[in-house]
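Remarks on the overall topology
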Amino acid sequence: MTTLTLTRPDDWHLHLRDDEALSAVVGASAAQMGRAIIMPNLKPPVTTTEQALAYRQRILSALPEGSRFEPLMTLYLTDKTPAAEIERAHASGLVHAVKLYPAGATTNSDSGVTDLANCDDAIAALARLGMPLLVHGEVTDAEIDIFDREGAFIERVMKPLLTRHPTLRVVFEHITTAEAAEFVRGAQDNVAATITAHHLLFNRNHMLVGGIRPHYYCLPILKRERHRQALLAAATSGNPKFFLGTDSAPHAQGDKESACGCAGAYTAPAAIELYAAAFEEVGALARLEGFASHFGPDFYGLPRNPDTVTLVREPWRLPESLPYGSAQRIVPLCAGETLAWKLA
Ligand SMILES: NC(=O)N[C@@H](CC(=O)O)C(=O)O
Ligand SMILES: [Zn+2]
Ligand SMILES: [Zn+2]
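Residues numbered from 1 in each chain as written. Chains lettered and ligands numbered in written order. Predicted model: local features only at pLDDT ≥ 70, side-chain atom pairs only at ≥ 80, totals over all residues. Heavy atoms only, no water.

**As for the coordination of the zinc ion (ligand 3)**
The criterion, for reference: Counted as donors are the N, O and S atoms within 2.8 Å of the metal, or 3.2 Å for Na, K and Ca, while water is not among the atoms, so some sites may look incomplete. Working rule for geometry: tetrahedral if four donors all subtend angles between 85 and 135 degrees; square planar for four, octahedral for six, if opposite donors exceed 155 degrees and the others stay between 65 and 115; irregular in every other situation. For every residue, the accessible area (1.4 Å probe, protein chains only) is compared with the maximum for its type, and the residue is labelled buried under 20%, exposed over 50%, or partly exposed between those bounds.
Listed as protein donors to the zinc ion (ligand 3) are H13 (NE2), H15 (NE2) and D247 (OD); their distances from the metal cover 2.0 Å. One can describe the donor arrangement at the zinc ion (ligand 3) as irregular, given that its four donor atoms subtend angles of 94 to 136° at the metal. Read in sequence order, the donor residues coordinating the zinc ion (ligand 3) give the pattern H-x1-H-x231-D. If you look at the zinc ion (ligand 3) and the zinc ion (ligand 2), they sit 3.8 Å from each other. One exposure class covers both H13 and H15, and it is buried.

**Side note on the site of ligand 1**
Spelled out, the test is: Residues are counted as near a molecule or strand when any one of their heavy atoms sits within 4 Å of it. Definition of a polar contact: a pair of N or O atoms within 3.5 Å, with one able to donate and the other able to accept a hydrogen when the atoms are protein atoms, and with sequence-neighbouring residues admitted only if both atoms are side-chain atoms. With residues, only the protein chains shown are counted as cover, and all accessible areas are computed by Shrake-Rupley using a 1.4 Å probe. Ten residues, namely Ala, Val, Leu, Ile, Met, Phe, Trp, Tyr, Cys and Pro, are considered nonpolar, four, namely Asp, Glu, Lys and Arg, are considered charged, and the remaining ones, Gly among them, are considered polar.
Around ligand 1 there are 15 residues in total, and R17, N41, T106, L219 and D247 lie nearest to it. Measuring from an oxygen atom of ligand 1, one finds a backbone N or O atom of L219 at 2.7 Å. With respect to ligand 1, the backbone of G264 contributes an N or O atom lying 3.2 Å from an oxygen atom. Computed on the free molecule, ligand 1 has an accessible area of 320 Å², of which 100% lies beneath the protein chains in the complex. Looking at side-chain class alone, the shell around ligand 1 contains four nonpolar, nine polar and two charged residues.

**Thoughts on unusual backbone geometry**
Most peptide bonds adopt trans geometry, and most residues besides glycine take a negative phi value. Quick reminder of the rule: Going along the chain from the N terminus, every DSSP run of H or I of four or more residues is numbered as a helix, and every run of E of two or more is numbered as a strand.
In this structure, the amide linkage connecting K43 to the following residue, P44, adopts the cis form with an omega of -5°. Checked against the element boundaries, P44 lands in the loop between β3 (35-38) and α2 (49-62). Note the cis peptide between L219 and P220, where omega equals -10°. Note that P220 resides in the loop between α8 (204-208) and α9 (225-235). Despite not being glycine, H174 has its phi angle at roughly 35°, a positive value. Checked against the element boundaries, H174 lands in the loop between β7 (170-172) and α6 (178-186).

**Comments concerning the pattern of salt bridges**
Just so we agree on the cut-off: Think of a salt bridge as a Lys or Arg side-chain nitrogen and an Asp or Glu carboxyl oxygen that are within 4 Å of each other.
Within the structure shown, the criterion is met by 15 salt bridges. Between R164 and D120 there is a salt bridge; the shortest N-O distance is 2.5 Å. A residue pair is termed long-range when its members are at least 10 positions apart, and R164 in helix α5 (residues 149-164) and D120 in helix α4 (residues 120-129) qualify at 44 residues. A relative accessible area of 21% means that D120 is categorised as partly exposed. One salt bridge in this structure joins E179 and R226, with 3.5 Å as the shortest N-O distance. One end of the pair, E179, is in helix α6; the other, R226, is in helix α9, and 47 residues separate them in sequence. Owing to a relative accessible area of 37%, E179 belongs among the partly exposed residues under this scheme. Salt bridges linked by common partners bring E225, R228 and E281 together as one network.

Keep in mind that these numbers describe shape and distance, not what the molecule does.
This is the structure in structure tokens:
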């Protein structure tokens, strides 16, 4: 096979940041994706509908001329989000989901939720409106090992949440373990998951063997090979509960290559090509379209994109770095490496 044409994909988990960084990265996603669910973990976070709509305008203004890329906005859930704010968000027609960051779990999550019991009214409103709750599924307790935080979250938070709100639409974001894949597979149809390209392609050895490689450091952290295999099996299974979410999370080169480097992998410039590499590894390229382009919009109740993209088998090299605002550079994941597939 030398070309592969797919319905245009969407990215159901994307960080675009703001200001100069936004202008530097938005074009990469717009060149590939029809739409993207835009993460609200700005500084300060996007906690109101008004802020989400203003952020949406900034994204639209930063787009390359003629782009039809559609940002699908989200709100950042806090201990104090009123149910009325969820209703406003839903009524806007432009805010598509609400994001749960356990306080302290990841980049810019300090204003996140300290205890889901504080959010019961907001979550009941989501369940009533059929609006998805997007979940960064890791506990933050200091005594839980970083490699076990997703598994602990399933038991301590996810299961009780779904027991209390059984019809709540939940996207378990960027799953990284066999346990999370198993949990989502066994859950009701209102529970789905996104999977990143980097968690399909890499395990923790890629990050830690032969030197510490900060560009592979993201949260949830890369796991053992057995988990990568389980994620590949889920993504390529054809099960519509699993769909594409890059979690492309740009940080300036200096903030990654540091004594205390930021979490996040910048994958947007080669997103669909990286997924193609993962699917090809297990002979499942024929399943890429469902995962990348069909199951996400189906879950969100949106139409599939009307146009297509074509991948060609044509080796190309990712740049070592790219401009990131006026004074900085950004290093994409797999910088300097050659990929087999290229977006035509
Ligand atoms: N994934 C990451 O490692 N980082 C994300 C936050 C997140 O998605 O958890 C970021 O905003 O940088
Ligand atoms: Zn996250
Ligand atoms: Zn993310």
